[in-house]
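# Tertiary structure, described
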Amino acid sequence: MTQEHPFDRGPYLATAVLCEHVLTEQDGVNSLIRIVDRITHTATGPAAPVELQPFTYRLWLFISFKSGSARGVKELGIRVQKPSGESPQAQNLPVNFEGEDDRGVALVIQMELQIDVVGVWWFNITLDDVPVTRLPLRIIYMRQTMLPRPGGRPE
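Note that the structure is predicted; figures quoted are calculated from it, not measured. (Residues numbered from 1 in each chain as written. Predicted model: local features only at pLDDT ≥ 70, side-chain atom pairs only at ≥ 80, totals over all residues. Heavy atoms only, no water.)

## Comments concerning unusual backbone geometry
The test is simple: Numbering of helices and strands runs from the N terminus; a helix is a DSSP stretch of H or I covering at least four residues, while a strand is a stretch of E covering at least two. Here's how the labels work: a residue is buried when its accessible area is under 20% of the maximum for its type, exposed when over 50%, partly exposed in between, all with a 1.4 Å probe on protein chains only.
Following Gly10, the chain continues to Pro11 via a peptide bond in cis, the omega torsion being 0 degrees. Topologically, Pro11 is positioned in the segment before strand S1 (12–24). Within the chain, Arg34 stands out as a residue other than glycine whose phi angle is a positive 55 degrees. Looking at the element boundaries, Arg34 is found in strand S2 (residues 30–35). Judged by relative accessible area, Arg34 falls into the exposed class, the value being 57%.

The following block contains the structure:
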């Protein structure tokens, strides 16, 4: 006998993506603008810092499910994991599955990341504490130093 996965009959993950903006039209249709899987932060100048200086980056997490046979309220968990393995507090949201099997829910979650380290950040998504998916976000730091021109005048 094969073992059943917790979501074999729903809910089914339809979409999970990080993006710069989500437009929701009057008819309820969503448009995802500028899907993001890496952020390049650049510092320029003769005294550009050697190490990444912490900065805030706003983005949107769009997650949608189709109900399948799932009914009722489940808890969606979002845990961001830094490259070091550190995970600040998880965010938990109730999600209500109702109606037909092909109906579902879409969540549009605005996030403000306090980015302080380069590498791959993971967004771990769970439903009732069962892993659903993971989204990677690579942070890159580019340091561009400009040397002054002879005579001391910048270009």
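Now that the structure is up, let's keep going.
## Let's talk about the sheet that holds strand S9 (residues 130–144)
Threshold: Pairing between strands is defined by DSSP: at least two bridges between the two strands are required. To obtain each axis, a line is fitted to C-alpha atoms, and for helices this fit is confined to the stretch in contact; angles are then taken between N-to-C directions over 0 to 180 degrees.
Across the sheet, 5 strands lie side by side as S3-S9-S8-S5-S6; this open sheet has mixed pairing. This sheet does not close on itself; its edge strands, each paired only once, are strand S3 (38–44) and strand S6 (91–97). On average, each strand axis in the sheet is tilted by 20 degrees relative to the strand beside it, whichever way the strands run. Bridge count between S3 and S9: 7 bridges; the pairing is parallel. Its bridge partner being in S9, His41 is matched across the sheet by Tyr141.

## Regarding the sheet that holds S1
Reading across the sheet, the 4 strands line up as S2-S1-S4-S7 and stay open at both edges, with antiparallel pairing between neighbours. Pairing within the sheet leaves two strands with one partner each, and these edge strands are S2 and strand S7 (104–115). Averaged over neighbouring strand pairs, the angle between their axes works out to 45 degrees when direction is ignored. Across 12 bridges, strand S4 (residues 55–66) lies against S7 in antiparallel orientation. Note that in S7 the partner of Phe62 across the bridge is Val108.

## Considering the pattern of salt bridges
Pairs may arise between side chains of opposite charge once their charged atoms sit close together. Quick reminder of the rule: Should a side-chain nitrogen of Lys or Arg be within 4 Å of a carboxyl oxygen of Asp or Glu, the pair is scored as a salt bridge.
Evaluation of the coordinates by the stated rule reveals 5 salt bridges. Lys82 is the partner of Glu86 in a salt bridge, and the nearest nitrogen-oxygen pair spans 3.9 Å. For Asp116, the salt bridge is made with Lys82, and the minimal N-O distance between the two is 2.9 Å. Of this pair, Asp116 sits in the loop between S7 and strand S8 (119–127) while Lys82 sits in the loop between strand S5 (72–81) and S6, placing them 34 residues apart in sequence. For Lys82, a relative accessible area of 10% translates into the label buried. If you follow the salt bridges from partner to partner, you end up with Lys82, Glu86 and Asp116 in one network.

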